[in-house]
Amino acid sequence: MSEIYDIGYRHYDGPRLGRGHTTRALTVHSLRGVFGLGRPARSKLVPFSLAAIMVLPAIVSIAIMALMRRAGMSYSGYAVIMQAVVAIFLAAQAPTVVAPDLRFRVLPLYLSRPVTITEYVGAKVVAMTVALYALLAVPLTVMFAGELLIDLPGPPRTKEYVGAMLTGLLLAVLLAAFGLAIASLTPRRGLGVASVIALYLLASASVPIMYSTLLSAGNDAAARWAWLLNPFWLVDAVQVWVFGTTPNSEGGYPGGPVSFVIVVLLIAAAVAALALRYRKAASR
Amino acid sequence: MHILDTEGLTKRFPTVTALDGLTVTTGPGVTGLVGANGAGKSTLIKILLGLLPPTAGGARVLGLDVTTRGADIRRLVGYMPEHECLPPDVSATELVVHLARMSGLPRTAARERAADVLRHVGLAEERYRPIGGYSTGMKQRVKLAQALVHDPKLILLDEPTNGLDPRGRDEMLALIRRIGAEFGISVLVTSHLLGELERVCDHVIVIDAGRLLRSSAIGEFTQTTRSVTVEVDEGTQALADRLVELGHGVAPHGRMLLVEVSGPDTLDAIRDATADLGLCLIRLERGRQRIEDVFREAAGV
Ligand SMILES: Nc1ncnc2c1ncn2[C@@H]1O[C@H](COP(=O)(O)OP(=O)(O)OP(=O)(O)O)[C@@H](O)[C@H]1O
Ligand SMILES: [Mg+2]
């Protein structure tokens with residue numbers, strides 16, 4: 001080992017890049033982490049399998065359009081129909097973004113550099129958002145490309161596609177902020193996965209039950225509110241309000257901007273929880 | 001320019017005063033910060049990094065005010081935390097490259113610097129393996145490497161010898177000495193052991209319960225005796241014989257020799273004698289009283 005010490009120290013006088021660069025590098029690093037890139041093969045298995053499952057209905061739809069000359073799956077319903085896959089992806093991958101740095105106390109190594117806590121958390125949220133958005137936007141876009149190529153009778157469903165892409169982004173932000181907030185409160189990775197899944201199951205299983213209970217009690221208006229307890233139907237309600245699409249729930253949603261207001265409040269709450277969590281972690 | 005200076009620096013937590021009107025300055029080189037558990041060493045480092053606001057008083061690092069220029073300070077300074085801070089499932093190379101980029105280095109430069117710095121701290125092939133399998137000594141080296149990777153002007157090392165065995169401790173201290181002397185990077189290193197810092201520091205600050213006990217150059221701590229310690233790889237006896245032959249006062253001291261210094265030519269004689277005999281010179285340093293003894297005297301114990 002002694003020969004190792006014989007090389008003289010060289011100073012670095014090259015460029016030192018600014019904030020934008022470090023934040024972008026951290027975002028890309030975290031995004032690669034979500035998909036297990038640069039990690040052993042087994043880390044790629046879950047995210048890529050789920051991403052592949054997400055694309056399957058789009059491919060089936062293209063086949064239907066090509067062979068049966070009629071529209072396949074709707075763009076506006078894609079997220080709601082595939083919600084379980086998206087939720088599993090979020091539960092499985094959100095902890096990989098935030099848990100190790102908290103659990104192994106790596107944070108001080110970032111904060112002793114020109115990286116602020118806001119930039120750090122921002123990079124993580126952006127990375128998770130991009131990953132979730134890719135999960136939705138890729139199949140939607142594949143399906144839309146297929147529709148344009150096949151050239152069905154009648155105009156292409158461009159407005160519905162654009163609407164689904166925009167509400168998909170809103171859904172991705174909501175899920176990313178929420179998933180990361182929950183995962184950051186449970187620094188053990190397994191626990192993080194379990195809590196996100198448990199919360200999703202609660203939100204998805206209880207909603208139809210509440211809906212039908214309220215409906216049979218004759219309270220139709222209250223029943224429609226039940227859908228908003230699940231993030232996928234909540235964002236679908238925003239889509240119905242903004243783009244006038246057909247609701248993907250039984251009986252529709254409460255009208256007006258209320259669903260959008262709830263989404264914004266939930267995102268704000270999740271970001272605040274993240275900020276508090278990291279403020280505490282930083283002061284340790 | 002002062003590497004760091006504080007004035008009346010005070011930090012109060014709800015139940016304790018961690019720093020209490022601390023006023024110190026240090027210049028370039030290796031500075032030791034000594035104090036018992038809870039003396040306020042880590043608190044001082046966090047304030048110097050601009051991560052913790054002082055309650056009263058102020059501090060400057062490399063001439064930059066910690067309350068207003070924190071981000072600029074963190075660009076020029078490296079930090080090695082006292083606690084474990086390494087993710088187990090990435091390799092040392094991956095981690096250090098990533099952290100270099102977090103300090104603003106472009107991708108290629110980050111890779112080159114990481115490779116260089118890991119070599120300097122003595123991590124060879126193992127740097128490609130996941131950190132989870134490293135020994136404590138290797139982990140401490142990775143922590144040191146990430147503090148150095150962006151070529152800082154100053155590094156703040158919080159208890160770098162913590163948890164190391166005597167050999168690991170010696171190697172870490174030698175590395176710190178090299179960083180200060182050869183790399184030209186100033187060092188602030190904390191320890192609760194006064195004794196281990198005497199070999200590596202140019203300046204020592206002693207704090208207790210957040211108050212300054214003493215701050216002075218190492219020479220003032222130790223009374224330089226009129227002798228030097230010489231250590232050679234093999235042939236200690238041959239060297240002793242030769243020096244006695246030349247008329248120097250020589251006394252064996254364990255595996256080393258204590259040689260009385262009669263003038264500058266004594267050192268030349270030692271150098272020439274080792275060269276003539278073809279010996280490998282490991283150590284040639286002034287004999288010193290240990291810092292601990294000085295403190296024991298000062299404290300009247
Ligand atoms: N965030 C905090 N909140 C409350 N008290 C704190 C906080 N950080 C440090 N302290 C207290 O301040 C005092 C100084 O702590 P500090 O960690 O600076 O000591 P230290 O010299 O680094 O000790 P050690 O050798 O154990 O690392 C201690 O009494 C400690 O309990
Ligand atoms: Mg400490």
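In this text, all values refer to a predicted model and were calculated from it rather than measured experimentally.

What counts and how
Residues numbered from 1 in each chain as written. Chains lettered and ligands numbered in written order. Predicted model: local features only at pLDDT ≥ 70, side-chain atom pairs only at ≥ 80, totals over all residues. Heavy atoms only, no water. Pairing = 2+ DSSP bridges. Helix = DSSP H or I, 4+ residues; strand = E, 2+ residues; numbered from the N terminus. Contact = heavy atoms within 4.5 Å. Axes fitted to C-alpha atoms, helices over the stretch in contact; angles between N-to-C directions. Patch = residues over 30% accessible without salt bridge, like charges linked within 9 Å, V, L, I, M, F, W, Y side chains within 5 Å. Areas by Shrake-Rupley, 256 points an atom, 1.4 Å probe, with all protein chains shown as cover. Salt bridge = Lys/Arg side-chain N within 4 Å of Asp/Glu carboxyl O. UniProt positions renumbered as here; feature names shortened; annotations may be inferred. Donors = N, O, S within 2.8 Å, 3.2 Å for Na, K, Ca; no water. Buried < 20%, exposed > 50% of the residue type's maximum accessible area, 1.4 Å probe, protein only. Domains from an automatic or database assignment.

**Remarks on the sheet that holds strand 1 (residues 4–12) of chain B**
Residue and element names in this part refer to chain B.
Phase 1 of the analysis: Pairing within the open sheet is antiparallel, and its four strands lie in the order 2-1-4-5. Each of the sheet's edge strands pairs with one partner strand only, and the pair in question is strand 2 (17–26) and strand 5 (64–65).
Phase 2 of the analysis: With two bridges joining them, strand 4 (residues 56–61) and strand 5 adopt antiparallel strand pairing. Bridging from a neighbouring strand, arginine 60 pairs with aspartate 65 of strand 5.
Phase 3 of the analysis: Along the sheet, helix 1 (residues 41–48) makes contact with strand 1, strand 2 and strand 4, crossing strand 1 at roughly 115°.

**Section: a nonpolar patch on the surface**
Phase 1 of the analysis: A cluster of nonpolar side chains, Trp241(A), Val242(A), Phe260(A) and Val264(A), forms an exposed patch at the surface whose accessible area comes to about 350 Å².
Phase 2 of the analysis: Looking at where Val264(A) falls in the secondary structure, it is placed in helix 11 (residues 258–282).

**A look at the UniProt feature "transmembrane region" (unreviewed entry) in chain A**
All names here are of chain A.
Phase 1 of the analysis: The positions that UniProt labels "transmembrane region" (unreviewed entry) are, in the present scheme, residues 45–68, 75–94, 130–150, 162–185, 191–213 and 256–276.
Phase 2 of the analysis: Secondary structure content for residues 45–68 is 100% helix and 0% strand, and the end C-alpha separation is 34 Å.
Phase 3 of the analysis: Note that residues 130–150 is 100% helix and 0% strand, and that its end C-alpha atoms are spaced 29 Å apart.

**Brief notes about the coordination of the magnesium ion (ligand 2)**
Residue and element names in this part refer to chain B.
Phase 1 of the analysis: Those donors, Ser42 (OG), Glu82 (OE) and Glu82 (OE), are the protein atoms that reach the magnesium ion (ligand 2), and they lie 1.9 to 2.8 Å from it. One end of the pair, serine 42, is in helix 1; the other, glutamate 82, is in the loop between strand 6 (77–80) and helix 3 (92–102), and 40 residues separate them in sequence.
Phase 2 of the analysis: Given the relative accessible area of 33%, glutamate 82 is considered partly exposed.

**Considering the domain arrangement of chain B**
Phase 1 of the analysis: Taken domain by domain, chain B holds domain 1 (4–218) and domain 2 (225–299).
Phase 2 of the analysis: For domain 1 of chain B and domain 2 of chain B, the distance between their C-alpha centres works out to 33 Å.

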